[in-house]
Structures are given as C-alpha cells and as structure tokens.
Amino acid sequence: MFFNFKYSPRFEMVSSTSPAGAAGTIPCFSVGGGAEVGRRTGPASGSRFRFPSRVRSCGARAIFWGVRVDEGPLASRCGGALGQPARPPRGVDGWYGPAESRASGSAPPLPRPLVSEAAGTRAEAPHAGREASCCLQDTMNAIVALCHFCELHGPRTLFCTEVLHAPLPQGAGNGDSPGQGEQAEEEEGGIQMSSRIRAHSPAEGASAESSSPGPKKSDMCEGCRSLAAGHPGYISHDKETSIKYVSHQHPNHPQLFSIVRQACVRSLSCEVCPGREGPIFFGDEQHGFVFSHTFFIKDSLARGFQRWYSIIAIMMDRIYLINSWPFLLGKIRGIIDELQGKALKVFEAEQFGCPQRAQRMNTAFTPFLHQRNGNAARSLTSLTSDDNLWACLHTSFAWLLKACGSRLTEKLLEGAPTEDTLVQMEKLADLEEESESWDNSEAEEEEKAPVLPEGAGGRELTKCPTESSLLSDCANWQPRKLSVFKSLRHMRQVLGAPSFRMLAWHVLMGNQVIWKSRDADLVHSAFEVLRTMLPVGCVRIIPYSSQYEEAYRCNFLGLSPHVQIPSHVLSSEFAVVVEAHTAPRSSLHPAGCEDDQSLSKYEFVVTSGSPVAADRVGPTILNKMEAALTNQNLSVGVVDQCLVCLKEEWMNKVKVLFKFTKVDSRPKEDTQKLLSVLGASEEDNVRLLKFWMTGLSKTYKSHLMSAVRSPTASEPRN
Amino acid sequence: MSQVLGKPQPEDEDDDEEDELVGLADYGDGPDSSDADPDSGAEEGVLDFSDPFSTEVKPRILLMGLRRSGKSSIQKVVFHKMSPNETLFLESTNKICREDVSNSSFVNFQIWDFPGQIDFFDPTFDYEMIFRGTGALIFVIDSQDDYMEALARLHLTVTRAYKVNTDINFEVFIHKVDGLSDDHKIETQRDIHQRANDDLADAGLEKIHLSFYLTSIYDHSIFEAFSKVVQKLIPQLPTLENLLNIFISNSGIEKAFLFDVVSKIYIATDSTPVDMQTYELCCDMIDVVIDISCIYGLKEDGAGTPYDKESTAIIKLNNTTVLYLKEVTKFLALVCFVREESFERKGLIDYNFHCFRKAIHEVFEVRMKMVKSRKVQNRLQKKKGATPNGTPNVLLQ
C-alpha cells in the first residue's frame, strides 16, 4: 500500500475465466450510470455557482456570483463520468431544509447553484473514511491514469481508474447495492475491492469487447500493456456511497478513451515540465483539465537508461482540480517515490550483474545490434519486480479519487448564498488557516478529525446548521440528556411568553445573555436555540465558564450557579440573566407538553437591570418572530425557514444602512429618512440594525469600502 | 549583388513571418492547437516583435524519421559537439525539441527534432502549422535496418508536407552508413532513391525533388550533408560563391570554404567540386585552432573567447599544400587550400582577403539594413521603396 489505506480493502484477484466477458459489465455501468447522471446534470449544469472555498482570500468576490454557463452542454454530454453530477450530497441536511427535500425528489426544474465547502482535514484523518460517506458522499468525478512513453509506440495509457456512480445515484438504502446481489457483504463498511464483476447479459459483454476503443493487440508491446489480455480489471465497491472505482488499461467509453488518450499524449509529449520531472497543469473546457506529474523509471535496457511515465488526473472542473493541487501533488509524489524506489533497486541489481554502459560501448559497431524490436519494451511490473503492482496502483488511485473527493464538498443552495453562509465560510477559512499553521501534526489531526463526522450525527442536529456546531467553540457537544431546549417554540413554552419575550428582546439587541445553571447541556441547548435568532456573525458564545466574562467577549455566556456576577452587570439594562433553579414539582410552569418532563425539574427566572422591555413595542422582527412561534399551524421546520427569511430581510436593511452611513457618510437627516423608508425608524429597530451591522461579512464590507472609491461613487461629492 | 535583392519581396516576407509567429503560438498550445485561443497567438506575436532579430524569417529545418533512426544524435553531434559514442546513451525523444541556431549571421534557422513514435498527421496535431514555416525537411532513414517502413513514412510525410508548402526542400539522409561496406552503401542509396522516386511518380508527384545523402555521425559526412541542407536556405549563397570564386582566382588559391565555426557547417565554397578529404581537413583544422586557442589563447581567469578578430592559422602539409584559416566575422572563418608556391605571395592573398572580408561585411550590412528598414516599415505600415544596395570593392589583380 502506498499510503495509509483506511478502508481495509479486500483483495481478490480477478479470475480471467469469469463467464461472459466479465469486462462487459463495466461499460454497461459506464454508459448507463453516466447517461443517468448526465441527464440529471442536464438542467442543473447550465448555471452553477461554484464556490472555491479553498481559495483563501476568496470570500465573495465578483466571480463568486458568476454563472458558469459555458459548461452546460459539455457537462451533459460527457459529464456522465467526468462532469460534476449535480447530485445532492447528503451532507446538506438541514442547511436549507426545503432545498434538500426538493433536491432528493425528481429532477428539479430550476437551476440550482452549488457551493463547495472545504471539509477540512477530513481526508487525511485516518479514521474518517467510514463516517465520511454519511455526510460527504459525493466523490470527485475524475479519472486517474498512469501513462508511459513507449519506446516503440510513443505515449500510451497504461492503467486508469475511473469513478462509476451507481445506476441510481441517490439510492440510499439496500436498493443501491447495484443489483449485483452482494448483500452479504453489505455489513462490511468501506471500499471493497473485488473481482465479482458480473455481466448483466452475455450480449453486453460481447458488444463491449468488440467496441473497446483501445489499440489493437498487435500494437501493444510489453511496455505499454498493464493488465494481461483477458484480465477484466479491478473494481472496488464503496458500500456507503454505492460508488465503484474501476481500473482498466483503457476507459471503455469511447469518449472517455479519447479524453484520456489526448491527456496522455499531452502529458508526455507536449506539456512536459521544463524541469523534467514534476507536476504541471493544462487542459481546456473541451478535453478536460489535467493535473499531470511526469517522472522517470530507471531501466537498464532503455535508451538513456530511463523511461518516461506520468500520472495524470483528469477532471472537467478546473477550479476543483486546482484546489486539489497540493493534495494531489503530495499523494501522487508518494506513489511515484514508491515506484521509483522499487525500480531503482531492480536497476542497481541489474547494473551490478551486467554493466550496460560498457556493454553498449563495446557492441556499438556490431551491425544489426540496433534491432528495432529488441528488448525495447519491458513492463512496469518487471521494472519494479512487483507482481501486485497493478492491484496496489488500483487501491492507490481509488483512494486518491475518494480522498480527493472528500476534501472538498459541494453543497446545494437554493438561490444566492445568504450573508450567514458567507460569514460561516470566512470563519471556516480562518479556522482552516489556523489549523494548517499548526504544522498539522498527527496528534492535532486526530483531535480535529471527529469534528466533521458528528455534523451528521443525528436527527437533532439537523435543526441547527451543521457548521454552526463546527464553528462554535464547543464543537464536540452532543446532547446526552433529554433536559434540553429543542426549539425556540419549546423554549417559549418552558419560559412562558413574557419571559421569553424579554429574553428574545435582549438577544436581538445584542445585550449579554447570561445563563446560570448546573447543567451545562441545558445551557448549551439554550444557546443553540437562541442563536438562530441572530445572524451568524453576531453570535459569540462562551458555553460554560467558571468566571464572568465581559460583554465584549461574548453575548451568550453560560455560568455555573455559584459564580458571582458583578453588580454593575446585574443592574445594567444591557444584560439579562436567566437562572435555572432546581424547582419542586409543585411549581411547574404552565407547560402543556408531555416532553417537558425533563425540564420540569427546573424553574427559570429571567431578570434584567431594565424592566422596560415588557411594555415597549419592541423591534419589528421580534414581533414577527413571536407571531410565527405562536402560530401552532406552522411546523418547526417552517418556523426555522421563517427565521432565515426574517434574518435575511433585516440583514439586507443592515447592508443598506451600512452603505449609507459608513461608506457614503451621509448626513443624519438623510439617514433618518432612509430608516423610515426601511420601516425601521423606531429606536429598538435602529439599535438592532446597529448591532447586526457587526455581523456583516468582512468581504462584503471590504467590497463596499473598495467599491466606493471608484469614481462613480465619489462623483456626487465633487 | 543583385542576388541580395533576389530575396522575396518584403510584403511576402511579412506575410510569412506572421504565419510563422502564429504558427509558433499554435504549437505552444500543444496538439489541439485547433482550439487554441487566438489571443495567445497575437500576444506572442507582439512579444516577438520587440526582439530585433525576430523580423528575420527564420527557416525551419525539421528532422523526421522513424524512431531510433538517429535524428537526435545528428542534432546533438552537429550542434552540440556531442561525441558520437555518447549518442548511444541518449534517451528517446518524447516531444518536439526546438532549437534556434542563430549564432552565425548568415545561418539563422530552427531545428525541430521530432519524436519518431508520434504520428503528427493525427488529426489532433496541426501538421499544417508545422510545415507552413518550414524551409527544409530532413528525413532520416536507418540504412542498417529494413527501410521499407521508413520509405512508406517518407512518402506520406513528403506528400503531406508538399500539399501544405511547396517550397520545402526535401532532404533524405541515408543514415548510419558507417556500418555498411562501400558497395553496400551505393547499392542502398540507389535502391532507396529508386523506390522513393517511384512512389512519388505513382502518386503523380514527380515534381517533388528529393536529395539523398549518405551520412554517419562517426565521420564528416553528416556535417557535409547538413552544410548542403543549410546552404539551400541561404538566399545570399550565389553572392557568396561568386565572391569566393573571384577571391580564389585572383589569389592563386586552390579551394576556399566559408565555415560556420561552431557547427563546422560550411555555408559556402567556390564552384570547384568539393572533395570529402579536403572538407575533413578543414574541419580538423578548425578543431585544432579552437582547441589550441582554448588552451593557450584565453586569459588566466578564463576570460576571452577562443575565436576572435585576430584568429588566424597556417598549417603546412608535407604534400606542398598550405592550409590557411582567417577570421571573417564573429562566427565565420575562411579556410583555404593554397599551393606552397602560391603562398609565397602571402601579401597579395592577405590584401585580397581584406577585400573579400569587406565585401562579406557589406553583404551583411545590406541584410541588416533590410532588417532595420523592414522594422521601420512595419512600424509605419508603409510600403517599402527600393532595397538599399551596395557593391563590393573591385579586387586587385
């Protein structure tokens, strides 16, 4: 194995005697699956938002909103296996509920933007593999191939591994076990490599054999052949995702064949790294984009004592490929080092036995030594003296495809990303930068690894955005007990409407919210619920602390009961304290719900330095939220969505206000007029807007700031 | 001097040039240059125009042939001074290797060494672009091998190339003849000549002229053959030959070569027939001169060049022949064969050489002026008037 292989694969060499042209099944999948996915991609691929969150400084630059129309026909044409199928990744659960539910249904009528998201160090994390497929099931749609400049025949593809999606892309369940009757192996996780390729019908097998686009057998020498003539290839099943990794000498699909062939020729004969060995990137929209790494393998019988090889990764998605560059480079370099090391040993042994240099000098003038077809071609297997070479390469390539695909995930979004998304991405990028600067030591990765898989841990979590748990300081938190708040409505019921209103008012105004309780989980759940009222950028949580933290550090603070809160805070109107006392059963709150059992043992007291909150009109958004919460006809999901909309509405007002005041610096009267236009002239609303302004994404702010320097913006002043 | 004017008209040249520039850009984009971005071509063109020498049309010499026929070896031996034995350890060429040979003021060309394994007539390659700016196509055939396949490829290559560009000189190197006996050599050449021309006749392309050379990297035949290939690409060749003729007849010199010192290609000689041994002697003399001046001619810190204005050498052979070498330009040397009795009048020879040298420089000046005026012309987008002309001084009797 070339690098830590995480899937405990099982090796089963394919027996070449398997009936009915075993290789025949593969084109069947390739075509069937490909066409299927391609069709699905069709309507969607026309306009996709691509968000390379790996590109650091990216944020929401202008290009971010660009629609990649150019890809439309292409993706649907040969996108079957190469183009990114717009398959909804499961990981999006709960991100935007309705989007997900629609996506998993029939093909959506609307173009849907995709946003890719970095999944951090997932791929490197040694045990992430299994969980990975739960939330990140989409694989990189690429082909990895080993190519060789044959002494006799020029550039040749030796071995290539492609990704085949199951015929039913979203068939999560037993049905997806590609109809191959391998249910017995279902319980074993991870990728399995097996030989059991069964032809669906003999006819398919036969047709595939004849239509195979590879060069004729007579044109093949030892050097440009990897698998023996009757060898049906290798296949690995990834059970969780029902994706197959299939390795062959040539791709069977004619279109793929020509793409791979083209890339192979270019990687060896045209786009060669000036420093001889090394990585290079080339390609175009039509023939795909290629990451190519050329290298030499020592061969004592070759001209120049070495042979040219290259490992190429072909993808239709340029941005994805470029973002994967460091990863691909590292891993492919690892494979190459392994191959070169083996070959060097063989070379040295051969040179020791019979120094070729001297021999060639001596025989130089003997006529007919330069026989054209002499020992010109030796197979890579013999050059490395490794009989399992192709099986190893298969696992390496399959792993590469899987791991590379898991590094970056595309997410489905309905419409343009919200301000929250942008802020989250910025935070994620910061987080990533931080973790990378930690010199990604092993131990550190181990620690970080579990962070992501838990995002999909359970149904409860789908209520709060997956990444919020990732981003908050308490990412490892999981509800262990039942004594937690489940939703805003639930909290409202427990606290009672007046207390809840007061609490919500403080939350929205950006005042410090302090919860005192012995139960950290309870506090945590409360914060998780309350934070949904605010834009992500405005939330600063200290989940549970043993001492008081100042308001500028956090607006949500959890404390244990014995901690002393300074008196000025207690009397301040900019703070609210919620104390959860263990209460006798008799003092039950007016909770009608049966699932409040666990919370009934608490009594909540909401106090604040300012009693004014109750009789004020309050910010408009609070009233609307309350209305939504009170309306029992609305389900929890709808209320969540409603909150998202309300937040977005007010964030837009914030943006306008920001531009108006901070960027254009208009006089006060104008601002007042603007506020009344916005329907936010009341004091509470103004306060709310000012607080929310702190939650704007950095990129948006800097974008506005830089935009205003342009002549068009400064003209009015002149 | 009218020969100097015999060059193609400026407009044509400009056209060629543009073609070539675009062609280069195309090639840079690799095999699918058909979908190359036209912008990139324009960009490269603009870049190239900033180079003072780029306005010169650089003819292209293609080295083609089957794999392992010796293309890269030829290139390495002729232009890189590689020892013939070392070529055994060359690795196979995997991409087109382009090399500019522009050290000599007359000989300005590009050598394109092709990998024999790749079929450039594949639709993914733009072979039209390859042949469009080509001056000479050298097809290398391994004479020690069965050459039937090579002949088939030769025919295909020549016919395709001719379709694109009728001005290409087709040169066939029957290579590696060092392994053949003299009779066998003649027989092989005759056979290849016969078959290749028959193939062309069958295709109705008799008008294509193929030149055949027997070559080997182990002797001087490869240099001689390459010299002849290069000479055909020098538009000033008749002038140079004429000058040499006047020079030797007036100085009592038997034979004179104008050599490119670095590659040992002779770019011109007088019209008396060339004897292989004479040529080899000249080559050896250049080697001796350069080697000696490399050892003793350089300053202590290694500064200076082994070949400069003062370079001159006289070697007297015991068969009453004198070899006389003198510097003509930075890159060119004149090597003459003189009878001992004629060499007594060395003062006359030197004076005539002085005139000859001046005349050669004038030929260059004409060329440089043309280059410059073409540049100005390009800039002004104006049609050019008469070509500046110059006549060499009348040589003394």
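Read on for a plain summary of the structure. (Residues numbered from 1 in each chain as written. Chains lettered and ligands numbered in written order. Predicted model: local features only at pLDDT ≥ 70, side-chain atom pairs only at ≥ 80, totals over all residues. Heavy atoms only, no water.)

A closer look at the overall build of chain B
As a reminder of what qualifies: In DSSP terms, a helix is any run of H or I states spanning at least four residues, a strand is any run of E spanning at least two, and both are numbered starting from the N terminus. For this analysis, residues touch if any pair of their heavy atoms sits within 4.5 Å. Only the protein chains shown count as cover for residues, and all accessible areas are computed by the Shrake-Rupley method using a 1.4 Å probe.
Per the secondary structure count, chain B includes 12 helices and 11 strands. Once local pairs closer than 6 in sequence are excluded, the contacts in chain B between residues at least 24 apart make up 68%. For chain B, the accessible area works out to roughly 17,900 Å², and carbon and sulfur atoms hold 51% of it.

Remarks on the nonpolar core
We count it as follows: Definition used in this section: a nonpolar core is a set of buried Ala, Val, Leu, Ile, Met, Phe, Trp, Tyr and Cys residues joined via side-chain atoms within 4.5 Å. Here's how the labels work: a residue is buried when its accessible area is under 20% of the maximum for its type, exposed when over 50%, partly exposed in between, all with a 1.4 Å probe on protein chains only.
Grouped together as the largest cluster of nonpolar side chains are 68 residues, with contacts concentrated most on B:I61, B:F173, B:F226, B:L258, B:F259 and B:L334. The contacts of B:F173, once residues within four sequence positions are left out, are B:I74, B:I138, B:F139, B:V140, B:I141, B:Y213, B:T215, B:I222, B:A225, B:F226 and B:V229. Membership of the second largest hydrophobic core comes to 59 residues, among which are A:L495, A:V529, A:F660 and A:L696.

Thoughts on the packing of aromatic side chains
Rules: Two rings from Phe, Tyr or Trp (for Trp, the six-membered ring) form a pair when their centres sit within 6.5 Å of each other. Planes less than 30 degrees apart are called stacked, planes more than 60 degrees apart edge-to-face, and all others tilted. Distance and angle both matter: a charge sits over a ring if NZ of Lys or CZ of Arg is within 6 Å of the ring centre and within 35 degrees of the ring normal.
Enumeration over the complete set of coordinates arrives at 33 aromatic pairs over all chains. Ring geometry for A:F485 against A:F604: centres 5.6 Å apart, planes inclined by 50°, an arrangement best described as tilted. Of this pair, A:F485 sits in the loop between α14 (466-471) and α15 (488-495) while A:F604 sits in strand β15 (residues 602-608), placing them 119 residues apart in sequence. Classification of A:F604 as buried rests on a relative accessible area of 6%. The interplanar angle of 80° and the centroid separation of 6.1 Å between the aromatic rings of B:F173 and B:F226 together place this pair among those described as edge-to-face. Of this pair, B:F173 sits in strand β5 (residues 169-175) while B:F226 sits in helix α8 (residues 221-231); the two residues are 53 residues apart in sequence, bridging distant segments of the chain. Each of the two residues, B:F173 as well as B:F226, counts as buried. Of the aromatic side chains, those joined through ring pairs into one cluster are B:F79, B:F109, B:F173, B:Y213 and B:F226. Seen from the ring of A:F347, A:K298 lies directly overhead, with NZ or CZ sitting 5.2 Å from the centre. If you follow B:K255 out to its NZ or CZ, it ends over the ring of B:F257, 5.4 Å from the centre.

Things to note about the sheet that holds β15(A)
Residues and elements named next belong to chain A. Note the cut-off: DSSP bridges decide pairing: two strands pair if at least two such bridges lie between them. Orientation is described by lines fitted to C-alpha atoms, with helices fitted over the stretch in contact, and by angles between N-to-C directions that extend from 0 to 180 degrees.
On the basis of which strands lie adjacent, the open sheet formed by 5 strands has the order β12-β13-β11-β14-β15 and mixed pairing. Sheet topology places β12 (541-545) and β15 at the edges, where each strand pairs with a single neighbour. For this sheet the average axis-to-axis angle between neighbouring strands, irrespective of direction, equals 15°. Inspection of the sheet shows β12 paired to strand β13 (residues 556-559) by 3 bridges, in the parallel sense. Residue I541 lies in a different strand from β13, and its bridge partner there is F556.

A look at the pairing of strand β10 (residues 321-327) of chain B
Residue and element names in this part refer to chain B. Counting buried residues in β10 gives 6 out of 7 residues, a clear majority hidden from the surface. Of the strand pairs in this sheet, strand β9 (residues 312-316) and β10 are connected by 5 bridges, and their pairing is antiparallel. If you follow T312 over to β10, its bridge partner there is K326. Looking at chain direction, β10 and strand β11 (residues 332-339) are connected through 7 bridges and run antiparallel. Looking at the pairing, Y324 lines up with C336 of β11.

Focus on the side chain of B:S72
For B:S72, the position within the fold is in helix α4 (residues 71-80). Filtering out sequence-adjacent residues up to four positions away, B:S72 remains in contact with B:L90, B:T93 and B:D113.

Quick word on the pairing of strand β14 (residues 575-582) of chain A
Residues and elements named next belong to chain A. In terms of strand pairing, strand β11 (residues 512-516) meets β14 through 5 bridges, oriented parallel. Counterpart to Q512 in the pairing with β14 is A575. Strand direction decides the pairing type here: β14 and β15, joined by 7 bridges, are antiparallel. Residue A580 lies in a different strand from β15, and its bridge partner there is F604.

Details of the packing of helix α16 (residues 497-509) of chain A against helix α22 (residues 683-693) of chain A
All names here are of chain A. Condition: Every angle not falling under 35 degrees, over 145, or within 65 to 115 is termed oblique; those three ranges are roughly parallel, roughly antiparallel and roughly perpendicular. Any residue that is not Ala, Val, Leu, Ile, Met, Phe, Trp, Tyr, Cys, Pro, Asp, Glu, Lys or Arg is counted as polar, Gly included; the first ten are nonpolar and the last four charged.
With their axes 8 Å apart at the nearest point, α16 and α22 run at an angle of 50° to one another. Taken as axis vectors, α16 and α22 run oblique relative to one another. For the pair α16 and α22, the contacting residues are W505, V507, L508 and M509 in the first and D684, R687, L688, F691 and W692 in the second. Considered class by class, the residues forming the contact of α16 with α22 number 7 nonpolar, no polar and 2 charged.

Here we look at unusual backbone geometry
Positive phi, normally seen in glycine, also occurs at A:S385, with a value near 45°. The residue B:T320 is not glycine, and still its phi comes out positive at about 60°.

Concerning the environment of A:I243
Counting through the fold element by element, A:I243 comes out in strand β6 (residues 243-248). Linking A:I243 and A:H165, residues 78 residues apart in sequence, is a C-alpha distance of 4.7 Å.

Overview of the sheet that holds β5(B)
All names here are of chain B. Reading across from one edge, β2-β3-β1-β4-β5-β6 is the order of the 6 strands in this open sheet, with mixed pairing throughout. Each edge of the open sheet carries a strand with a single partner, namely β2 (97-101) and β6 (210-214). Within the sheet, the average angular offset between the axes of one strand and its neighbour, ignoring direction, is 20°. Relative to β5, strand β4 (residues 134-142) runs parallel, the two sharing 7 bridges. Each residue of the ladder has a partner; that of F139, found in β5, is V172. The strands touched by α4 within the sheet are β1 (60-65), β2, β3 (109-113), β4 and β5, with β3 carrying the most contacts at an inclination of about 145°. Along the sheet, α8 makes contact with β1, β3, β4, β5 and β6, crossing β5 at roughly 175°.

Overview of the packing of helix α19 (residues 620-630) of chain A against helix α20 (residues 636-663) of chain A
Residue and element names in this part refer to chain A. Look at α19 against α20: their axes get within 10 Å of each other, and the N-to-C directions meet at 170°. As judged from the angle between their axes, α19 and α20 are roughly antiparallel. Taking contact as the criterion, the partners of T620, I621, K624, M625, A628 and L629 in α19 are, on α20, V639, C642, L643, L646, K647, E649 and W650.

With respect to a nonpolar patch on the surface
Worth spelling out the cut-off: To count toward a patch, a residue needs a relative accessible area above 30% and no salt bridge. Like charges then connect within 9 Å, nonpolar side chains (Val, Leu, Ile, Met, Phe, Trp, Tyr) within 5 Å. Any carboxyl oxygen of Asp or Glu within 4 Å of a side-chain nitrogen of Lys or Arg constitutes a salt bridge here.
On the surface, B:V288, B:I292, B:I295 and B:Y296 cluster together into a nonpolar patch covering about 450 Å² of accessible area. As for its position among the elements, B:I295 is in helix α10 (residues 276-297).

Overview of the pattern of salt bridges
All names here are of chain A. A full pass over the atoms with the stated rule returns 27 salt bridges over all chains. Here R333 makes a salt bridge to D337, at a shortest N to O gap of 3.0 Å. Remark: D337 and R333 occur in helix α8 (residues 325-353); sequence separation between them is 4 residues, near one turn of the helix. On the accessibility criterion, R333 (24% relative accessible area) is partly exposed. Overall, the relative accessible area of 40% leaves D337 in the partly exposed class.

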